[in-house]
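The lines below spell out each chain.
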Amino acid sequence: MRFLLDPEQRAFADSLNAMLTAADTPSVVRSWSRGEHASGRSLWRRVAGAGVFALAVPEAYEGLGPRPVELAVAFVELGRHAVPGPLVETVVAAALLTEPALAKRLLPALAAGGAMATAAPTGSYALDGDVATIRLSWDADGLRLAPGHDGPVRASLDPARRLTRLLPGGELLTPEPPLAHALTWARLATAAQALGVGLTLLDRTVAYVRQRTQFGVPVGSFQAVKHQLADAKIALEFARPLVFGAAHTMDPADVAAAKVMACEAAYRTARAALQLHGAIGYTAEYDLSLWLTKARVLRATWGDPDECRAMVLSGGDRRS
């Protein structure tokens with residue numbers, strides 16, 4: 001089966017790409033990593049205005065979805081541009097808030113971009129808990145609306161991913177949240193985001209080796225360099241149909257397979273990019289680092305490769 005985007009989906013991707021290119025996302029990421037959120041919040045509202053978060057919200061609650069294929073299209077572009085913020089976690093929140101009363105109360109603001117959500121198990125670190133306006137946590141009693149975050153904000157390997165612990169307790173929203181369903185959506189969004197990260201790493205590296213010279217010729221003319229880039233390209237192209245195929249079926253095993261392939265492809269591309277850039281690739285001031293660190297972190301987010309492979313081998317939980 002060939003998973004090709006239709007003209008409307010391609011136009012949606014192109015419009016997001018144009019908007020995010022004009023937004024100068026590297027500067028937004030660097031501000032976000034310093035705890036300066038003004039430009040990031042502004043970009044968040046523009047992303048929401050393009051309908052990205054509404055794709056995870058049912059039409060009954062002022063959304064456009066759920067439309068997982070279009071959401072995957074959007075998250076590829078978000079990954080291409082390294083957009084900061086709790087992007088996946090906002091999708092997770094939409095997937096967790098399925099009870100009508102909760103959905104009516106919280107989802108319209110998520111869809112419109114007026115709210116930003118984070119979500120994590122109680123006691124774990126949550127992404128951007130200091131800036132999120134809806135903080136969801138779950139424990140043995142069910143899903144809770146955490147009253148805030150505790151302690152200092154901690155940096156992670158990816159400087160744009162700032163971690164906090166959510167305060168325990170808070171309003172109990174539902175005793176039986178659809179955690180498996182939410183995990184499937186989280187993995188799909190993460191896989192699509194990783195695919196976009198890998199594509200940008202490849203594009204930037206190809207452009208760099210065409211410019212960098214050694215022995216009087218472009219580095220990109222060397223066979224060893226061509227082989228590394230070809231391997232990265234093949235890995236990303238194999239991951240792409242798995243991501244969109246999984247978005248089509250939303251089968252947990254398919255989504256887990258897509259996450260493994262996309263994240264491993266992005267990680268492989270990151271390693272090749274780092275090697276081919278040489279010493280400059282190790283500098284935090286060089287924009288490439290924003291994608292290098294993200295590729296590594298996404299690999300372990302919402303299920304590491306071993307967890308996702310175990311899901312694939314078990315056939316997944318069809319109830320999701």
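See the structure shown above.
(A) Main features of the nonpolar core. Within the largest apolar cluster, 83 residues are counted, with the highest numbers of intra-cluster contacts made by Val52, Phe75 and Leu136. When residues of this core are assigned to their parent elements, the largest contribution, 11 residues, is made by helix H7 (residues 179-211). If we skip the residues at most four places from it in the chain, Val52 touches Phe12, Leu16, Val47, Leu71, Ala74, Phe75 and Leu78. Core analysis: the second largest hydrophobic core is formed by 16 residues, Ala270, Leu292, Ala295 and Leu298 among them.

(B) Main features of the environment of Leu229. Note that Leu229 resides in helix H8 (residues 223-249). Through-space distance from the C-alpha of Leu229 to that of Leu242 is 20 Å; in sequence the pair is 13 residues apart. Once residues lying within four places of it in the same chain are set aside, the contact partners of Leu229 are Leu202, Thr205, Val206, Val209 and Leu276.

(C) Geometry of the pattern of salt bridges. On inspection of all chains with the given rule, the structure shows 16 salt bridges. In this structure, Asp139 and Arg144 form a salt bridge, with 3.3 Å as the shortest nitrogen-oxygen distance. Across the pair Lys233 and Glu237 runs a salt bridge whose closest N-O atoms are separated by 3.4 Å. Linking Lys233 with Glu237, this pair stays in helix H8, spanning 4 residues, or about one helical turn.

(D) A look at the side chain of His277. One can find His277 in helix H9 (residues 252-277). A residue is classified by how much of its surface remains accessible, and His277, at 2% relative accessible area, is buried. A distance of 2.9 Å separates the side chain of His277 from the backbone oxygen of Ala273, its partner in a polar contact. Not counting chain neighbours up to four residues away, the residues in contact with His277 comprise Arg204, Thr205, Tyr208, Arg212, Tyr286 and Leu288.

(E) Spotlight on the sheet that holds strand S1 (residues 117-121). Strand order in the open sheet formed by 4 strands is S1-S3-S4-S7, and the pairing between neighbours is mixed. In this open sheet, the two strands that pair with only one neighbour each are S1 and strand S7 (171-174). Each adjacent strand pair in this sheet contributes to an overall mean axis angle of 30°, direction not counted. Alignment of S1 against strand S3 (residues 134-139), held across 5 bridges, turns out to be parallel. Within S3, the residue paired with Pro121 across the bridge is Trp138. This element, helix H5 (residues 87-96), spans S1, S3 and strand S4 (142-145) of the sheet and lies at about 75° to S1. Along the sheet, helix H6 (residues 100-112) makes contact with S1, S3, S4 and S7, crossing S7 at roughly 100°.

(F) Representation of the packing of helix H4 (residues 68-80) against H7 in the model. Packing of H4 against H7 leaves a shortest axis separation of 7 Å and a crossing angle of 40°. Taken together, the axis directions place H4 and H7 in an arrangement best described as oblique. The handedness of the crossing between H4 and H7 is right-handed. For the pair H4 and H7, the contacting residues are Pro68, Leu71, Ala72, Phe75, Val76, Gly79 and Arg80 in the first and Trp185, Leu188, Ala189, Ala192, Gln193, Leu195, Gly196, Val197, Leu199, Thr200 and Asp203 in the second. Here the contact of H4 with H7 is composed, by residue class, of 12 nonpolar, 4 polar and 2 charged.

(G) Structural context of empty space enclosed by the protein. Enumeration according to the criterion identifies 1 cavity of 30 Å³ or more in this entry. The volume enclosed by the largest cavity comes to roughly 80 Å³. The element contributing the most residues to the lining of the largest cavity is H5, with 3 residues. Here the lining of the largest cavity is composed, by residue class, of 7 nonpolar, 3 polar and 3 charged.

(H) Representation of the sheet that holds strand S5 (residues 149-154). If you trace the 3 strands from one edge of the open sheet to the other, you get S2-S6-S5, paired in antiparallel fashion. In this open sheet, the two strands that pair with only one neighbour each are strand S2 (125-127) and S5. Neighbour to neighbour, the strand axes of the sheet diverge by 35° on average, direction disregarded. Across 3 bridges, S2 lies against strand S6 (residues 163-166) in antiparallel orientation. Bridge pairing links Tyr125 to Arg165 in S6.

Rules used in this analysis
- Residues numbered from 1 in each chain as written.
- Predicted model: local features only at pLDDT ≥ 70, side-chain atom pairs only at ≥ 80, totals over all residues.
- Heavy atoms only, no water.
- Core = buried A, V, L, I, M, F, W, Y, C linked by side-chain atoms within 4.5 Å.
- Buried < 20%, exposed > 50% of the residue type's maximum accessible area, 1.4 Å probe, protein only.
- Helix = DSSP H or I, 4+ residues; strand = E, 2+ residues; numbered from the N terminus.
- Contact = heavy atoms within 4.5 Å.
- Salt bridge = Lys/Arg side-chain N within 4 Å of Asp/Glu carboxyl O.
- Polar contact = N/O pair within 3.5 Å; in protein donor to acceptor, adjacent residues only side chain to side chain.
- Pairing = 2+ DSSP bridges.
- Axes fitted to C-alpha atoms, helices over the stretch in contact; angles between N-to-C directions.
- Parallel < 35°, antiparallel > 145°, perpendicular 65-115°, else oblique.
- Left-handed = near helix turned anticlockwise from the far one by under 90°.
- Nonpolar A, V, L, I, M, F, W, Y, C, P; charged D, E, K, R; others polar.
- 1 Å grid on protein atoms, 1.4 Å probe; cavity = no way out; pocket = protein on both sides within 12 Å on 5 of 7 lines; lining within 4 Å.
- Points joined across faces, edges and corners; volume = space filled by probe spheres on them.

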